[in-house]
Amino acid sequence: MEGANLSAVTEFVFTGFPQLQDGGLLYFFPLLFIYTFVVVGNLLIFFAVRMDVRLHNPMYNFISTFSFLEVWYTTATIPKMLSNLVSEKKTISMTGCLLQMYFFHSLGNSEEILLITMAIDRYVAICNPLRYQMIMTPRLCSQLSAGSCIFGFLILLPEIVTISTLPFCGPNQIHQIFCDLVPVLRLACTNASVILVEDVIHAVAIIITILIIALSYIRIVSVILRIPSAEGRQKAFSTCGGHLTVFLIFFGSVSLMYLRFNATYPPALDTAIALMFTVLAPFFHPIIYSLRNKDMKNAIRKLVQGIPGMRSAQTVLCMEPSQFHTKMETDRLNHNDDKKKAVAMVTRICESSMKH
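Keep in mind that this is a model prediction, so the values were computed, not measured.

Draft legend 1. Representation of the sheet that holds strand 1 (residues 11-14) within the structure. With mixed pairing, the 3 strands of this open sheet are ordered in space as 2-1-3. Single-partner strands in this sheet number two, and they are strand 2 (91-93) and strand 3 (173-174). Relative to strand 2, strand 1 is paired through 3 bridges, and the arrangement is antiparallel. Residue pairing for strand 2: Glu 11 is matched across the bridge by Ser 93.

Here's what the structure looks like:
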């Protein structure tokens, strides 16, 4: 009988979603728009960097890798959120929950390691510019990008395997909008010390990452402030401003979620914090990396113009009103000229036929 109870839980129920009758459908379309924007925006950045030779340098290589990870980071959770918003039964299987936890946190770990790598890259570029090309070689950049992804996926594997062996014999309601480690562990029929160990491991990893990046930027700022020209200081700040902004958004929301230990938040606040680092932070990343960077904007424009059927549409959409009206008038005049030429040609043919 005890064995039957231990194996009774085969799926989990999310309680952080509003019901359809409570306006759940109203959240569906904004979330769908954000997810589409994140995927399209990050894919544009990824392919723009890969296809534009002017962006084949360490900084943009890391940005493109980060954008590629962001696509899968959001895909690990948001499609299931969208499904739960429009369905009456907001459940996920045990296997699905374990897979979601693994991919979400593995991708998050990979992004954290990549952010450390990007901070070190900016540190070398600004604090040791004469040796930058010698240190940050294309081969080393590829190894750092691949190493970030591989290490991020391997480090979480033992933890997920351990959770999969735990007995779940109690309630199956997850008070969250996605499968997270601590909410799932609270449902396991095991000692509460496991949850405490989990909190400590996450806290130590997050704090070490923040300290490494913060120390790198303290050193970077101190070097920038010693640059004599204002133009030089502005250029130096612009090269690392986007990365610093992403760092603050990403780790600000992650810290609120995972550095609280035994503190409990109201359900609404808990859901809002979860949305910050699963939805809103990825939403701002393409904006920060594209709109704040002239080279990136030019590369994306070239990429979009190279897509069949997109060039003419983009040309018209990017015109000023006066340019648009001038183009329309020019097209009309050209059309009238073409008609006159056609009539003249037909007339000449008819006259020639009559002469013969």
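Moving on from the coordinates now.
Draft legend 2. A look at a nonpolar patch on the surface. On the surface, a nonpolar cluster with roughly 390 Å² of combined accessible area is contributed by Leu 196, Val 200, Val 204, Ile 208 and Ile 212. When you line up the elements, Ile 208 lands in helix 10 (residues 193-224). Owing to a relative accessible area of 45%, Ile 208 belongs among the partly exposed residues under this scheme.

Draft legend 3. Local environment of the packing of aromatic side chains. Taken as a whole, this structure holds 18 aromatic pairs when the rule is applied. Judged by centre distance (4.9 Å) and plane angle (55°), the rings of Phe 104 and Phe 178 are tilted. Highlighted residues: Phe 104 in helix 5 (residues 94-127) and Phe 178 in the loop between strand 3 and helix 9 (181-185), separated in sequence by 74 residues. An aromatic cluster is defined as three or more aromatic residues linked by ring pairs; in this entry it consists of Tyr 73, Phe 104, Phe 178, Tyr 258 and Phe 277.

Draft legend 4. Representation of the state of the cysteines in the model. Under the defined criterion, the tally for this structure stands at 2 disulfides. A sulfur-sulfur separation of 2.1 Å characterises the disulfide bridge that pairs Cys 97 with Cys 179. Disulfide Cys 97 to Cys 179: torsion about the S-S bond roughly -120°, handedness left-handed. Within this pair, whereas Cys 97 is found in helix 5, its partner Cys 179 is found in the loop between strand 3 and helix 9, the two being separated by 82 residues in sequence. Neither Cys 97 nor Cys 179 differs from the other in exposure class; each is buried. Paired by a disulfide, Cys 169 and Cys 189 hold their sulfur atoms 1.6 Å apart. A torsion of -130° about the S-S bond marks the disulfide between Cys 169 and Cys 189 as left-handed. In this pair, Cys 169 is assigned in the loop between helix 8 (157-164) and strand 3 and Cys 189 in the loop between helix 9 and helix 10, connecting sequence segments 20 residues apart. With relative accessibility at 33%, the residue Cys 189 sits in the partly exposed group. The connectivity of the disulfides in the protein chain is 1-3, 2-4, where the numbers refer to bonded cysteines in sequence order.

Draft legend 5. Geometry of the side chain of Ser 110. Here Ser 110 shows up in helix 5. By relative accessible area, Ser 110 is classed as buried at 0%. A distance of 3.5 Å separates the side chain of Ser 110 from the backbone oxygen of Ser 148, its partner in a polar contact. The residues contacting Ser 110, other than those within four sequence positions of it, are Leu 69, Ser 148, Cys 149, Gly 152 and Phe 153.

Draft legend 6. Expanded view of the pattern of salt bridges. This structure, assessed with the given rule, holds 3 salt bridges. Glu 11 is the salt-bridge partner of Lys 89, the closest N and O atoms lying 3.8 Å from each other. Remark: Glu 11 occurs in strand 1 and Lys 89 occurs in the loop between helix 4 (78-85) and strand 2; sequence separation between them is 78 residues. On the basis of relative accessible area, Lys 89 is assigned to the exposed category, the value being 56%. One salt bridge in this structure joins Arg 122 and Asp 121, with 2.9 Å as the shortest N-O distance.

What counts, and where the lines are drawn
Residues numbered from 1 in each chain as written. Predicted model: local features only at pLDDT ≥ 70, side-chain atom pairs only at ≥ 80, totals over all residues. Heavy atoms only, no water. Pairing = 2+ DSSP bridges. Helix = DSSP H or I, 4+ residues; strand = E, 2+ residues; numbered from the N terminus. Patch = residues over 30% accessible without salt bridge, like charges linked within 9 Å, V, L, I, M, F, W, Y side chains within 5 Å. Areas by Shrake-Rupley, 256 points an atom, 1.4 Å probe, with all protein chains shown as cover. Salt bridge = Lys/Arg side-chain N within 4 Å of Asp/Glu carboxyl O. Buried < 20%, exposed > 50% of the residue type's maximum accessible area, 1.4 Å probe, protein only. Phe/Tyr/Trp six-rings, centres within 6.5 Å; stacked < 30°, edge-to-face > 60°. Disulfide = S-S within 2.5 Å. Polar contact = N/O pair within 3.5 Å; in protein donor to acceptor, adjacent residues only side chain to side chain. Contact = heavy atoms within 4.5 Å.

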